[in-house]
Amino acid sequence: MGSLGKSMIWVVVICLIFESGNGFYLPGSYPHKYGVGDTLSVKVNSLTSIDTEMPFSYYSLPFCKPQEGVKDSAENLGELLMGDRIENSPYRFKMYTNETEIFMCKTSPLSADEFKLLKKRIDEMYQVNLILDNLPAIRYTKRDNFLLRWTGYPVGIKVQDAYYVFNHLKLTVLVRKYEETNVARVMGTGDAAEMIPGGNGVGGSGEPGYMVVGFEVVPCSVQHDMNAIKDSKMYDKYPGKINCDPATVSMAIKESQPIAFTYEVSFVESDIKWPSRWDAYLKMEGSKVHWFSILNSLMVITFLAGIVLVIFLRTVRRDLTRYEELDKEAQAQMNEELSGWKLVVGDVFRAPSYPSLLCVMVGDGIQLLGMGVVTIMFAALGFMSPASRGTLLTGMVFFYLVLGIAAGYVAVRLWRTIGCGDHKGWVSVSWKAACFFPGIAFLILTFLNFLLWGSHSTGAIPFSLYVILILLWFCISVPLTLIGGYFGAKAPHIEYPVRTNQIPREIPPQKYPSWLLVLGAGTLPFGTLFIELFFIMSSLWMGRVYYVFGFLFIVLILLVVVCAEVSLVLTYMHLCVEDWKWWWKSFFASGSVAIYIFLYSINYLIFDLKSLSGPVSATLYLGYSLFMVLAIMLVTGTVGFLSSFWFVHYLFSSVKLD
């Protein structure tokens, strides 16, 4: 391939990585072509709220149910882990056929429990999430001359002391004429079970077809005439004119009184292209501030870290160069007057305390780091679009399982290196690497799952999924980790450049506790990601779509570089004051960033999630945050330790001191 062809490939790859809101989709599915009059079925997702971490089934509230009964849609592993429950709904209409005043149902008189539950869900600001052709319903509101986008619509609203339910929906479907091109056949996304391959018209008849490129909803609270609809059936014409005004509410809920639900739908032709139909969901408010803040943060942190690294390398290089320029007699005299890091030559590679635990944590850190890098790369290239719900989490689980072989290899090889080539106990180290992080995660998630079960939330992991996760753990991850450990036991260990004395050298007293400096070192890595962390937290807890994986990949690379530099500098500082116990300190020098992330999570809970309802929701939030920071600690700590190990090995290999 010529240089021009390679250049074009790199241009395409770069464009794909930074594509954040232009609706790019890779091959794997295709647009659904609907003919005029074809039935469109709307699905419902779990009720969600920014005030609580517990999703609930749509049909847990007194809403209309479909005539054929409630049925679950096909779900993948990621959707189940996220608590998404997608079910069919009674909302249905025909392509390109406008309809108004469609009666859906009248509920039974509200019982005391239903009335109380409905008020509670309104207080907690629960949202109803509708899905048409894999597109969530989007709602637009104006505030201070700004147009705000929301997915879904609220169950109801409280005005003074009265509760009103939104019982009439004004639905707008944006459509575009089907384009019969080769690109349209292979690009896009959608519910694969409902896809119809494109042909020459609907069913090959050549008739014009349409694609769904937008789905909008306007909820209204309308007081219906219950006597007029007492004999009406589902999908009958409502006997009267319905005025949908979102600025007014009139359907107050009362105990022992029924609720009537209606809807209307209109179709509007749009110039939105099918691959770009997700643009409205991917555009974040304040995006210019988002990009500017990230780039500014990256440049500042890179500049500061570069200065530290340059100064550090110049100091070490000058020290080594001056030593190498001396003749043998001068070197012998200098060895008698050694100071700083040269004095710990006989102890610098002394085995640390709890060596097996260190090996296990480093192995698990490599596994998590590899999972993060590969997942973000695939997401940046569009393979894990938010249009395909659950694929991101499913991919993370898959990559984590496969990379168990890397965890076992690194853990066992480090174990053999610390043991100077002795492979005894490698099976135990491999088992611990396979069970350490998954075991802690299993305990945290089990505790949180009991809370969700007790609250009857759809976010609870079903027992069958628990069995599947355990089987994946012990049938895939554990064997692969043992295989990696086997290769690590067969691989040559890293030989130390200097001998270790039998009697450990006494560490002189320090002016300041060394661990205080270690814990404070996490502030610099935290500075590289705290802005991006805000958008990630908003995506996780406020239902916003996160799709800037290109910039996230850059932040990850910068985080790795800064963690390596910080740990490396602190290790050199400890050696200069004759502190040879650098193993664990190098790990936690960069791993301490997890402490600041957890503190930031608490700050986010207090100031950004002020209305989080109840201790159960707060416990769920803190539990998931603890799970997240544990993974971050292992990743950043591993990067810091491996960079320090390489540096110490290189430093003492460069000069003969013994």
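To start, this report covers the structure provided alongside it. (Residues numbered from 1 in each chain as written. Predicted model: local features only at pLDDT ≥ 70, side-chain atom pairs only at ≥ 80, totals over all residues. Heavy atoms only, no water.)

**Quick look at unusual backbone geometry**
Located in the positive-phi region is Tyr96, a residue other than glycine, with phi close to 60 degrees. With respect to the helices and strands, Tyr96 occurs in the loop between strand 3 (87–94) and strand 4 (99–106). For Tyr96, a relative accessible area of 31% corresponds to the partly exposed category. Positive phi is not limited to glycine here, since Ser256 has a value of about 70 degrees. Position of Ser256 among the secondary structure elements: in the loop between strand 14 (209–220) and strand 15 (260–269). A residue is classified by how much of its surface remains accessible, and Ser256, at 51% relative accessible area, is exposed. (Helix = DSSP H or I, 4+ residues; strand = E, 2+ residues; numbered from the N terminus. Buried < 20%, exposed > 50% of the residue type's maximum accessible area, 1.4 Å probe, protein only.)

**So, the nonpolar core**
Side chains of nonpolar character tend, in soluble globular proteins, to be buried together. Tyr91, Phe93, Leu130, Leu171 and Phe652 are the most contacted members of the largest nonpolar core, which has 146 residues in total. At 17 residues, helix 18 (residues 614–653) tops the list of elements feeding residues into this core. (Core = buried A, V, L, I, M, F, W, Y, C linked by side-chain atoms within 4.5 Å.)

**Let's talk about helix 17 (residues 593–607)**
Counted at 1.5 Å a residue, the expected span for helix 17 with its 15 residues is 21 Å, and the 21 Å between its end C-alpha atoms agrees. Where helix 17 is concerned, the buried positions are Val593, Ala594, Ile597, Tyr600, Ser601, Tyr604 and Leu605. Down the axis of helix 17, the smallest arc covering the buried residues is 145 degrees, so these residues share one side. (Expected span 1.5 Å × (residues − 1). Arc of directions from axis to C-beta.)

**Considerations on a nonpolar patch on the surface**
Taken together, the side chains of Val427, Trp431, Phe442, Leu443, Ile470 and Phe474 define a hydrophobic patch exposed on the protein surface, amounting to about 530 Å² of accessible area. A per-element tally of the nonpolar patch places helix 11 (residues 426–454) first, with four residues. Topologically, Ile470 is positioned in helix 12 (residues 463–490). (Patch = residues over 30% accessible without salt bridge, like charges linked within 9 Å, V, L, I, M, F, W, Y side chains within 5 Å. Areas by Shrake-Rupley, 256 points an atom, 1.4 Å probe, with all protein chains shown as cover. Salt bridge = Lys/Arg side-chain N within 4 Å of Asp/Glu carboxyl O.)

**A closer look at the sheet that holds strand 3**
The sheet built from four strands is open, its strands ordered 3-2-6-7 with antiparallel pairing. For this open sheet the edge positions go to strand 3 and strand 7 (135–136), each flanked by a neighbour on one side alone. In this sheet, strand 7 lies alongside strand 6 (residues 130–132) in antiparallel orientation, the contact comprising two bridges. Residue pairing across strands places Ile131 opposite Pro136, the latter belonging to strand 7. (Pairing = 2+ DSSP bridges.)

**What to know about the packing of helix 10 (residues 404–418) against helix 12**
Close contact between helix 10 and helix 12 brings their axes to 6 Å; oriented N to C, the two are set at 35 degrees. As for the relative orientation of helix 10 and helix 12, their crossing is right-handed in sense. Judged by residue contacts, Gly404, Ile405, Gly408, Tyr409, Val412, Arg413 and Arg416 of helix 10 engage Leu480, Thr481, Ile483, Gly484, Gly485, Phe487, Gly488, Ala489 and Lys490 from helix 12. Each residue belonging to the contact of helix 10 with helix 12 can be placed in one class, and the counts come to seven nonpolar, six polar and three charged. (Axes fitted to C-alpha atoms, helices over the stretch in contact; angles between N-to-C directions. Left-handed = near helix turned anticlockwise from the far one by under 90°. Contact = heavy atoms within 4.5 Å. Nonpolar A, V, L, I, M, F, W, Y, C, P; charged D, E, K, R; others polar.)

**Here we look at the state of the cysteines**
Going through the model one piece at a time under the given rule, you end up with two disulfides. Through a disulfide, Cys64 is tied to Cys105; the S-S separation comes to 1.7 Å. With the S-S bond torsion at -85 degrees, the cross-link from Cys64 to Cys105 turns out left-handed. Placement of Cys64 in the loop between strand 2 (39–44) and helix 2 (77–82) and of Cys105 in strand 4 is noted, with a sequence separation of 41 residues between them. Assigned by exposure class, Cys64 and Cys105 land together as buried. Between the sulfur of Cys220 and that of Cys244 lies a disulfide, 1.8 Å long from S to S. (Disulfide = S-S within 2.5 Å.)

**Some thoughts on the packing of aromatic side chains**
According to the stated counting rule, one finds 42 aromatic pairs in the structure shown. Consider the rings of Tyr572 and Phe647, whose centres lie 6.3 Å apart with planes at 80 degrees: the pair is edge-to-face. Here Phe647 lies in helix 18 and Tyr572 lies in helix 15 (residues 549–576), a separation of 75 residues in the sequence. Exposure class is identical for Tyr572 and Phe647. Each is buried. Following the ring pairs from residue to residue traces out a cluster consisting of Tyr91, Phe93, Tyr96, Tyr210, Tyr263 and Phe267. Lying over the aromatic face of Phe56, Arg121 brings its terminal NZ or CZ to 4.0 Å of the ring centre. Cation over ring: Arg350 sits above Trp580, and NZ or CZ is 5.6 Å from the ring centre. (Phe/Tyr/Trp six-rings, centres within 6.5 Å; stacked < 30°, edge-to-face > 60°. Lys NZ or Arg CZ within 6 Å of the ring centre and 35° of its normal.)

**What to know about the packing of helix 11 against helix 18**
Helix 18 packs onto helix 11 with a crossing angle of 170 degrees between their chain directions and a minimal axis gap of 10 Å. Here helix 18 runs roughly antiparallel to helix 11, going by the angle between their axes. When helix 11 is examined against helix 18, the residues Phe436, Phe437, Ile440, Ala441, Ile444, Leu445, Phe447, Leu448, Leu451 and Leu452 are found in contact with a partner set consisting of Val616, Thr619, Leu620, Gly623, Tyr624, Leu626, Phe627, Leu630, Ala631 and Leu634. A per-class count over the contact of helix 11 with helix 18 returns 18 nonpolar, two polar and no charged. (Parallel < 35°, antiparallel > 145°, perpendicular 65-115°, else oblique.)

**Points about the pairing of strand 14**
For strand 14, the buried fraction is high: ten of the twelve residues fall into the buried class. Here two bridges tie strand 1 (residues 34–35) to strand 14, and the two strands are oriented antiparallel to one another. Along strand 14, the bridge assignment pairs Gly35 with Gly209. For strand 13 (residues 168–177) and strand 14, the ladder comprises ten bridges, and the chain directions are antiparallel. Following the sheet pairing, Leu169 is matched in strand 14 by Pro219.

**What about the pattern of salt bridges?**
Taken as a whole and judged by the stated rule, the model has eight salt bridges. Across the salt bridge formed by Asp347 and Arg350, the nearest N and O atoms sit 2.6 Å from each other. Arg350 sits in the buried class, given a relative accessible area of 15%. The closest approach of N and O atoms between Lys585 and Asp579, which form a salt bridge, is 2.5 Å. One exposure class covers both Lys585 and Asp579, and it is buried. If you follow the salt bridges from partner to partner, you end up with Glu101, Lys237 and Lys241 in one network.

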